[in-house]
Structures are given as structure tokens and as C-alpha cells.
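Each chain, written out:
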Number of protein chains: 2
Amino acid sequence: MDIYGERINAARDLMRRQSFDYLLIGPSANMYYFSGLNTSPDERLQLLIIPASAEKHPAALLPEMYLQKAKEVIASTYSLHAWPDNADPFAMAGDLIGNNGRMRILIDDTMRSDHLIGLGKALGEAEFEPASLVVSSLRAYKDNSEVELMREAGRAADRVMEKVREEVKPGMSESELSLLIEIEYRQQADDISFKPIVASGPHAAQPHHSTGSRRFEVGDLIVVDCGALYRGYCSDITRTFCLGKADPEMKKVYSVVQEANAAAFRALEERGSLSGEELDAAARLVITEAGYGQYFIHRTGHGIGLEVHEEPYIVEGNREPLRQGNAFTIEPGIYLPGRFGVRIEDVAVITGAGPERLTSYERGLIEL
Amino acid sequence: MDIYGERINAARDLMRRQSFDYLLIGPSANMYYFSGLNTSPDERLQLLIIPASAEKHPAALLPEMYLQKAKEVIASTYSLHAWPDNADPFAMAGDLIGNNGRMRILIDDTMRSDHLIGLGKALGEAEFEPASLVVSSLRAYKDNSEVELMREAGRAADRVMEKVREEVKPGMSESELSLLIEIEYRQQADDISFKPIVASGPHAAQPHHSTGSRRFEVGDLIVVDCGALYRGYCSDITRTFCLGKADPEMKKVYSVVQEANAAAFRALEERGSLSGEELDAAARLVITEAGYGQYFIHRTGHGIGLEVHEEPYIVEGNREPLRQGNAFTIEPGIYLPGRFGVRIEDVAVITGAGPERLTSYERGLIEL
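Quantities reported herein were computed from a predicted structural model and do not represent experimental measurements. (Residues numbered from 1 in each chain as written. Chains lettered and ligands numbered in written order. Predicted model: local features only at pLDDT ≥ 70, side-chain atom pairs only at ≥ 80, totals over all residues. Heavy atoms only, no water.)

A.B. asks: Explain the sheet that holds strand β1 (residues 22-25) of chain A to me, please; I cannot follow it from the model alone.
C.D. replies: Note on sheets: strands pair through backbone hydrogen bonds, and any given pair is parallel or antiparallel. Residues and elements named next belong to chain A. Read from one edge of the open sheet, six strands run β4-β3-β2-β1-β5-β6, paired in mixed fashion. At either end of the open sheet lies a strand with only one pairing partner, and these are β4 (79-83) and β6 (127-130). Pairs of neighbouring strands in the sheet enclose a mean axial angle of 25°, with direction left out of account. As paired strands, strand β3 (residues 59-63) and β4 are joined by five bridges and run parallel to one another. Along β4, the bridge assignment pairs L62 with A82. Sheet contacts for helix α1 (residues 3-17): β1, β2 (47-51) and β5 (104-107); angle to β2, the most-contacted strand, approximately 60°. (Pairing = 2+ DSSP bridges. Helix = DSSP H or I, 4+ residues; strand = E, 2+ residues; numbered from the N terminus. Axes fitted to C-alpha atoms, helices over the stretch in contact; angles between N-to-C directions. Contact = heavy atoms within 4.5 Å.)

This is the structure:
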């Protein structure tokens, strides 16, 4: 049995324990995880149908135009069913699944709502829950081969940060730097894992600023948040550079964020078992005690793997202990509206030998 | 009232006529259409809440980290509600909407299913339908200012095709050409509208081939499918180049596809009113009569605007007449499995003066 068969069986075990009948997967990281098939989502229904019962065969329902590729990639694991553009794919999905009253069905978390609504009509009384109830715990455990790919993705991110340091200069725009980062990731890895965030000057006070046309000025803090995609796996790193000399408050804020990043890693290393919420608190405490608590307006981190955001989340309310195989970011930040922002982010993974940082680029303040 | 207020009111009229109570929009082209807000979707709930009743104010529920940007962009139209990372956004959405029994609610088509499931639990008895029931007819009509932006996006695509013609050579890989195309679109417009498809040799027989590492060889047909994003609006063009001399069957297939593309445009120009299905048939007839009908394995086209795929679809079953303001692609293709493929795609818009092509790059066979 190949890796996809093993993953399907692991999901089936959990589905039966939680009394789910089917797992329905759209074009997503989950599709790649369970089949190796990597396609883009759009308005056409693409569906993997995984029955909980080991006596039923997994099936794939795909637009006719994807059939040839599917035959090459997944035909050994899934029975293939193609729908032409003039057909109703939801009726075909209903026929393949069978409408057996109040089934409990897991739906891929990122599946488009119009597809869920269409499936809901085809399946009558079915009850839907997010696939993450079963899939997240599988995907949150990275085996050694996955960790090795994530190490490579992390090293690529470190190399790109060095390139950023070399290239940033006054007059360059956010979008120019973003493009340069994208090109560099194509050389250092397969692709970017998400659109780079380049936020300069007052823009840096927005954690998810949309990179724009603003040009860098001397005195700016520049938040650069980006990551590699390498053989399906993501990395994610943020560094905050200063163009010219940082003023005293920038230095103060920077050192608080750097200490929060370090404190979270120390907590991971020093405490045997720690929940996502406790790790969040370890970083947050440093920022709160320095008087900036109200300006740390997001969670401390998120799991990472085939998706750049996945479980486990490092956030208040997540009381699950972090475990071997978990990979996640630690990314405290302080954002002063209209003024500036600082974030320092690394990826960590918990291996059999303890916590390991997958991104290691210089964390001290760099004045360019 | 600004453009967003006008669009909200137009949607409200349609909602009341169809007895819908609320329109719920996630981060998507619809969010941009109704608010000007442009953010990336992820696991955090971002929601515009548009009540059908003009007496209720539209609201936005956003992660706290997006609040600053939202204040700048949408605060004049929407009341703003921020949720911190440790809160339950679905409970907050339920409170904002109010749980009034069997409401009929329109859900953004591309909203993540886990968000729809969360909203469904918060809203108890509500019944959900895709937002496209109301929004598609609004977005499918492009006004003059939108058409002008789409013309610019089309011109950028033409310029990029010229660059492709200059740069393609034996030994270059699909992904190298794809990167070059992306960089060129950043210079010619704002961005790409979708990841370019570069499919060479036997890969060209897959309409949505995932651009890979295959290197071009003399004798390849190379399908290049790409488009610009310009101030929110998309273009989409496909040309098929031949590296070296085309063999007789390639020439035959190419000329059939070119004639199918031309026949569809002639049908648009010559027939007063035409449905999506009739336009599909006009292109398909040429290919079927030439004996390649079974190898034209997708619809003739799709609407285009803020999204690269939207209504109206040029497909069997769409009996709606195409109308002034509609913009859509015409993209017949022939795909011979394991051998080669040809597709020729342009964008058309129906203006007050009749149909107009928005992409015009050379359509005859180009042997490089």
C-alpha cells in the first residue's frame, strides 16, 4: 500500500470512531495529502469521495478535462468518474455516494460554499461537519520525511531573507521588493507559499497589509513576511528591517518583540508539555509586561505544513498539548497604528530530540 | 451615494424580490465589488453582512488585525465589528444577524465550507443559497468604466503574448516561461489574473496542465494561457505556438480551432440575440464537422470580470441570452491525448456598439 492508501486508512479509522460515513475532499492541501493530485480550485466540482467503510472503494469525481491527469496520478487508489461541462456534477456525486438518509459527512474545510450547498441538496438529509475534525490530527503530525522537506523550505526562506537584506534600499517600492522575493523563491525552492507581505513605515502597523506602491524612506521599519513552497510543504518567516537608524522607541519595541520570540522558544525547550494557549501566553507575557499588550493584536502563531495556516493554532483557547510532529510558527508582533510595526517570526517543529527551529535568519535589529 | 452604496441597493432590490433576508460575503471578488476591500481568504472569518431591509445598516465582521485597514476603506458604508483571535466569530455573526427562525440567506459562492457550517450552527433554522443567485446578474453587467479597465487588461495580455513569442526557445522549461510571463504582467499591468498555464508537447493535450519542468523541443506545440489583473479586472488569452515546423496534422487541427474561434465571433456579430449555449454550439459545430468533436472536452468559454471565471458561462444548458455589458471568453480547443493540443482564446464584450474583442494578438499559426 502506498502512502495515500495508508493515509486513507488512518482517516477511515478516525471516521468510524467518530461515526462519520463519508469524507468529501475538494481541490486543496487535503486532496494532495490523500491523493497526490494538485489542481486549482474553481467553480467546477472536483471531489474525492472517501467512504468510512473499508468495503467501499474511494472514488474521484472530476471535470472531464482533468481525467487524463488523474489517470496518471490517482487511478491506482481511486475509481475515476468524469463529468462533462454540460452535466450536473452534484447529481453524479449523489449517485456515487448514495442517499442513505441521515448520513454524517465530513466536508473539506476550504471547499467552496456553492459546492457544499449543491452537495447538500443532492444528499437530502445529510449532516455536514468540517473535515478538520478528522484530518487535522493526521496532518498535524509530520513524519520524518515531511520534517525533512520542511527543513528545506525553511532554509530557502533564510536564504531569501539574506537576499532581501542585500536588495532593500530607499526609493524601492513594496511591490518591487515583493516581486523580487517571489523570483528568488522560484530559484531557492519551487514557489512562494503565500503572497509576500511587504509593509513599510506606517503600513507596517497592519499585520496583513496588502503590499502596495509605497516607496521605502530612510527611517522606515519594513516588515517582510514570506515563505517557500518546497515539494508541497510551506515555510513562513518574518523579519523587520530598519532603513537607516532606528529611533529609541523603535529599538525598544524591536527588543520587546525579539525577547517575546525568544521567550516562546525557551518555554518550548524548558517545559515538558505545553498547550497552544500556554505557548501564546509565554510570548504575550513579555509584550504585556513591557506595556504593549494592547498592540499585539493577533495570536502568537499557527500550524504549518501542506498549508501555511493549519492546526495546531498557538492561541488562547487551544488547550491541546503540543506534541512530537507538530510544526508551527512563533510570530509575536507590536503594531502602533499610523506609526510603525515590528514582527519576528520563525517556524518550529517538535522532533523526537526536542523543539527545533526551521528558520534561523539573524533575529537582532538590522539597520540598513 | 458612492458606487458601493449603489451596488448594495441594487442587490437589496433583487434580494427582496426573491425573498432573501441577508447576503453574507466573504473575502472574494464579491467583497471587492460591494466594499472595495481586498483581502486574502484564510481560516479567519471575514464577513460583510448585507440585510435585504434598507432599514438595517450593512455591517462588517473582521479579525481585529484587519480593523485599521477596514476603517480606511469601508467605514463609511459598513458598521465595523472586530473579533480578536481568542473569540468565537460565528457567535458574533449570529448576534449581528439575529436568529429569526427560518431566514433565507445568500452565501458567497467561494466562502469556505467550514465558515458556512459555522454560520449554519449560529443561525439555527436558516436556509442557505449561493449568493450568485442575486450577485451574478449584477456583476455580469459591466458598465463603461469597467469595460475600459477590461480593455486595458486585454491590451496587457496582447503585449505579454508578443513577449512570449520573442522569448520561447528550445531548452527553456515550462516553469521558466511561466515565471517570465508573471514578471512581464507585473510590468504591463498590476499582476497576473491566474497562474499561467504553459503546456508543451504531449502536456498540451491537458487543458489545465500544471506547468512543470518539461523543456521545449523542436516540433512542440506550446499552449500558453494567461491573463492580466488590472485595477481588479481580469483578462484571459490563450495562444498556441509551434516551435519549429508544424506537421500536417498539427496544421489541420490548428486551422480547425482557429476557424471555431472565428465562427463564434461571427455568430456574435451576425445574430442579434444569442444564448451561451448557442454560442458554444457555434464554435463546437466547426470542430465536430471536422471530425474532432470528441476532443473538444470543455465548454467554449466563461464570463470574466473581477474574477477570471464568472457568469455568463458559454456552455450547453445556458439558455440565457447574452446581453450588453456581458464579457466572456471564447476558447475552443482540440486535445489529442498523449500527442498534442491546440487552444485559441480571446475575451469579448458586448457593448452598445456590438461585440468587441478585448484581446487581439495574432491568431494565425506562428512557427518559431
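A.B. asks: Would you mind going over the pairing of strand β18 (residues 346-351) of chain B with me for this structure?
C.D. replies: For a regular strand, side chains alternate in direction, first toward one face of the sheet and then toward the other. Residue and element names in this part refer to chain B. A large share of β18 lies buried, amounting to six of its six residues. Side chains of β18 alternate between two faces, with D346, A348 and I350 and V347, V349 and T351 buried alike. The pairing of β18 with strand β19 (residues 354-357) spans four bridges and is antiparallel. Each residue of the ladder has a partner; that of I350, found in β19, is P355. The antiparallel pairing of β18 with β19 creates a hairpin that spans two residues between the two strands. (Buried < 20%, exposed > 50% of the residue type's maximum accessible area, 1.4 Å probe, protein only.)

A.B. asks: Please explain the packing of aromatic side chains as it appears in this structure.
C.D. replies: Given two aromatic rings, one states the distance between the centres and the angle between the planes to describe the pair. All names here are of chain A. Going through the model one piece at a time under the given rule, you end up with two aromatic pairs over all chains. Measuring from ring centre to ring centre gives 5.1 Å for Y33 and F34, while their planes differ by 85°; the resulting arrangement is edge-to-face. In this pair, the class of Y33 matches that of F34, namely buried. Against the face of F20 rests R104, its NZ or CZ located 4.1 Å from the ring centre. The cationic tip of R357 hangs over the ring face of F265; the distance from NZ or CZ to the ring centre is 3.4 Å. (Phe/Tyr/Trp six-rings, centres within 6.5 Å; stacked < 30°, edge-to-face > 60°. Lys NZ or Arg CZ within 6 Å of the ring centre and 35° of its normal.)

A.B. asks: Is there a simple way to explain the pattern of salt bridges in this structure?
C.D. replies: Pairing of side chains with opposite charge becomes possible as their charged atoms draw close. Taken as a whole and assessed by the stated rule, the structure comprises 70 salt bridges over all chains. Note that D191(B) is salt-bridged to K195(A), the shortest N-O span being 2.7 Å. Of this pair, D191(B) sits in strand β7 (residues 191-192) while K195(A) sits in the loop between β7 (191-192) and β8 (197-200), on two different chains. A salt bridge links D220(B) to R214(B); its shortest N-O distance comes to 2.8 Å. (Salt bridge = Lys/Arg side-chain N within 4 Å of Asp/Glu carboxyl O.)

A.B. asks: Which parts of the structure should I look at to understand the relation of the copies chain B and chain A?
C.D. replies: Superposition record for chain B on chain A: RMSD 0.0 Å, screw rotation 180°, translation along axis 0.0 Å. One copy is carried onto the other by what is essentially a two-fold rotation axis. (Least-squares fit on C-alpha atoms with pLDDT ≥ 70 in both.)

A.B. asks: Quick question: what am I supposed to make of the domain arrangement of chain A here?
C.D. replies: Accessible area lost when the parts come together is the quantity often used to give the size of an interface. Residue and element names in this part refer to chain A. Splitting chain A by domain gives domain 1 (3-139) and domain 2 (141-367). Each partner contributes to the interface: domain 1 provides 10 residues, whereas domain 2 provides 10 residues. With both sides pooled, the region where domain 1 packs onto domain 2 buries about 750 Å², and carbon together with sulfur makes up 45% of that total. Notably, a salt bridge pairs R7 with E146, separated by 3.9 Å at the nearest N-O pair. At the junction of domain 1 with domain 2, the criterion picks out six residue pairs in polar contact (both at pLDDT 80 or more). Listed by contribution, the elements that provide at least two residues to the side of domain 1 that touches domain 2 are α2 (29-35) and α6 (132-139). (Domains from an automatic or database assignment. Buried area = accessible area lost by both parts, 1.4 Å probe. Polar contact = N/O pair within 3.5 Å; in protein donor to acceptor, adjacent residues only side chain to side chain.)

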